[in-house]
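# Observations on the model geometry
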Amino acid sequence: MGSAAMLLLTGILFAGVSWAQREVTIQKGPLYRTAGSHMSMWCSVRGYKGPSQQNFLWSIYLPSAPEKEIQIVSTEDTSFSYAIYLPRVRSGDIYVERVSGDRALLHIRQLQEQDAGEYECHTPNTDPSYHGSYSAKMNLAVIPDTLVVSLAPQSLHKVEGSSLQVTCDVSQNSSQHTHLSVTWYRLSGELADDVISLTQNFSVWAGPSYSQRHSVGDVRMDKLGDSTFRLTLYNLQTSDQGEFYCQGTEWIQDPDGSWFAMTQKRSEGTSVTVQPTGTSLTVTVTSNSSSVLEGVAISLACSVASLSGPQSRISTSWYLQDKQGRQREVVRQDRDGVIWAGDMYRERQVSGGLRAVRSGTDTFSLELENSQRTDEGSYECRVAEWVLAPDGEWHVLGERSAQTSVDIVAL
């Protein structure tokens, strides 16, 4: 046999032997987990011969006795556990989950400080001879749980179309470099709807029920200071009724680059009721003429009708959109009856060239003396109906508008 063929055969045999070697791999460490949390770590074996279902034996080496093996749990021997771990194994606090025949997870439901140490995963040999690795080790550190999530519970009564703001405090004081995520939920019955979240990667996303409203700015979350997170909902709907609470999660990035949620806690809730409203508001606009000679007064009237009764109030505003599409406010009257002229019309109001009058509760009239070419365009009357909510604040019940065009004819 030539030297080239011999080298090729040697390479093939070497590759075959390497491929057939038993190799045990454990989750990359060190891992940091919080006391009281649920911990899991994986172990796998490959390159083995024998049955497809392999066994896994878990042990720990404590920092106080790094050379002493303490047996925890095994998939093949119920008497494997040392006395210190036997009660927790029997109660199910510690157990092994088989993911496949050659891969398993060690679970500890309630991690304790004394669970910190170097963990070893061992797989008994099923090959005709010993060749390869049969165990792997990894370090686990158990750190205190410092996550705090709090919200001052309250009951809020809102009106449909109004706004809601709720704040929540989420903080941690970990010795490790960890990140926080915060999610707001709305609980209705037993169903919790996620509203909006700030992830551990500092991105913001809204839940399926609120994504469209988030895209138009009606749902938002703001971070105020180091630990305060504020939820804001604009244009409340009756479907927003329920209990709002926040959930904080502390994350750590494991050595393999993945993020792990170490601890998760939720706050108390704020109960929100949303009073349904409907407005019967109608608005019509009339003018003395659609064509006015330059220098002649423009007279406009905005008539308002509502069936909501005396418990509601009306605010009105006149706007002018000129021929170039530019819009400006002419004059407005707030719900308390106070009248204000727009920036470009204040001097005209002072000189008496602009008069705005509220006739009773249903007509808001505008008169512009000595009309000018700049007065030409589309006049819009915007009306808002306000109602006093149970929380003592005024909220918009409904809005309507109407418009008319006025042309200025040169002399």
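Residues numbered from 1 in each chain as written. Predicted model: local features only at pLDDT ≥ 70, side-chain atom pairs only at ≥ 80, totals over all residues. Heavy atoms only, no water.

Broken down by element type, the chain carries 4 helices and 30 strands. When the backbone C-alpha atoms are referred to their principal axes, the chain occupies close to 115 × 60 × 35 Å. Across the 411 residues in the chain, those meeting the buried criterion constitute 42%. Long-range pairs, those at least 24 residues apart, make up 60% of the contacts in the chain between residues at least 6 apart in sequence. Carbon together with sulfur atoms contributes 50% to the accessible area of the chain, which is approximately 21,300 Å² in total. Distance from the positive charge centre (33 side chains) to the negative charge centre (46 side chains) of the chain: 2 Å. (Helix = DSSP H or I, 4+ residues; strand = E, 2+ residues; numbered from the N terminus. Buried < 20%, exposed > 50% of the residue type's maximum accessible area, 1.4 Å probe, protein only. Contact = heavy atoms within 4.5 Å. Areas by Shrake-Rupley, 256 points an atom, 1.4 Å probe, with all protein chains shown as cover. Lys, Arg positive; Asp, Glu negative; His and termini not counted. Charge placed at Lys NZ, Arg CZ, Asp CG, Glu CD.)

Following the sequence through the fold, Glu 250 ends up in strand β18 (residues 242-253). Although buried, Glu 250 forms no salt bridge, and the nearest oppositely charged side chain, Lys 265, lies 7.6 Å from it. A distance of 2.9 Å separates a polar atom in the side chain of Glu 250 from a polar atom in the side chain of Thr 178. Other than its neighbours up to four places away in sequence, Glu 250 contacts Thr 146, Leu 147, Gln 172, Ser 174, Thr 178, His 179, Leu 180, Phe 260, Ala 261, Met 262 and Thr 263. (Salt bridge = Lys/Arg side-chain N within 4 Å of Asp/Glu carboxyl O. Polar contact = N/O pair within 3.5 Å; in protein donor to acceptor, adjacent residues only side chain to side chain.)

This brings us to the sheet that holds strand β23 (residues 298-305). For sheets, the rule is that strands pair by backbone hydrogen bonds, running either parallel or antiparallel. Pairing within the open sheet is antiparallel, and its 4 strands lie in the order β21-β23-β28-β27. Both edges of this open sheet fall to β21 (282-287) and β27 (354-359), since each of them pairs with a single strand only. Within the sheet, the average angular offset between the axes of one strand and its neighbour, ignoring direction, is 15 degrees. Relative to strand β28 (residues 363-368), β23 is paired through 6 bridges, and the arrangement is antiparallel. Its bridge partner lying in β28, Cys 302 is registered against Phe 364. (Pairing = 2+ DSSP bridges. Axes fitted to C-alpha atoms, helices over the stretch in contact; angles between N-to-C directions.)

Our next topic: the sheet that holds strand β10 (residues 148-150). As summarised here, the arrangement of the 4 strands in space is β10-β12-β17-β16, forming an open sheet in which the pairing is antiparallel. The sheet is open, and its two edges are formed by β10 and β16 (219-224), each paired on a single side. Within the sheet, the average angular offset between the axes of one strand and its neighbour, ignoring direction, is 20 degrees. The sheet contact formed by β10 and strand β12 (residues 164-171) spans 3 bridges and is antiparallel. Residue pairing for β12: Val 148 is matched across the bridge by Ser 171.

Before going further, it helps to spend a moment on the UniProt feature "domain: Ig-like" (unreviewed entry) in the chain. Mapped onto this structure's residue numbering, the UniProt feature "domain: Ig-like" (unreviewed entry) falls at residues 36-139, 144-247 and 276-383. Helix and strand shares over residues 36-139 are 6% and 40% respectively, and the end C-alpha atoms of the span are 18 Å apart. Split by type, residues 144-247 is 5% helix and 53% strand. Its first and last C-alpha atoms lie 19 Å apart. (UniProt positions renumbered as here; feature names shortened; annotations may be inferred.)

This part takes up the pairing of strand β20 (residues 270-275). On β20, burial follows the alternation: Thr 270, Val 272 and Val 274 on one face are buried, whereas Ser 271, Thr 273 and Gln 275 on the facing-out side are not. Pairing geometry for strand β11 (residues 155-159) and β20, over 5 bridges, is parallel. The partner of Val 159 across the bridge, within β20, is Gln 275. Taken together, the 3 bridges between β18 and β20 define a ladder with antiparallel strand orientation. Residue Phe 244 lies in a different strand from β20, and its bridge partner there is Thr 270.

The next thing to look at is a nonpolar patch on the surface. Side chains of Leu 293, Val 296, Val 409 and Leu 411 sit close together on the surface and give an oily, nonpolar patch of about 380 Å² of accessible area. Here Leu 411 falls in the exposed class, since its relative accessible area comes to 80%. (Patch = residues over 30% accessible without salt bridge, like charges linked within 9 Å, V, L, I, M, F, W, Y side chains within 5 Å.)

This next bit is on the state of the cysteines. If you walk through the whole model with that rule in mind, you get 3 disulfides. At a sulfur-sulfur separation of 2.0 Å, the disulfide partner of Cys 43 is Cys 121. One disulfide, between Cys 43 and Cys 121, carries an S-S torsion of -90 degrees and so falls in the left-handed class. One end of the pair, Cys 43, is in strand β3 (residues 39-46); the other, Cys 121, is in strand β8 (residues 117-122), and 78 residues separate them in sequence. (Disulfide = S-S within 2.5 Å.)

Attention now goes to the pairing of strand β29 (residues 377-388). Most of β29 sits inside the fold, with 10 of its 12 residues counted as buried. Pairing of strand β24 (residues 312-321) with β29 involves 10 bridges; the strand directions are antiparallel. By the bridge assignment for β29, Trp 318 is matched with Cys 381. When β29 meets strand β30 (residues 394-409), the two strands line up antiparallel, connected through 12 bridges. Bridging from a neighbouring strand, Ser 378 pairs with Ser 405 of β30. Two successive antiparallel strands, β29 and β30, enclose a turn made up of 5 residues, where Gly 392 displays a positive phi of approximately 85 degrees.

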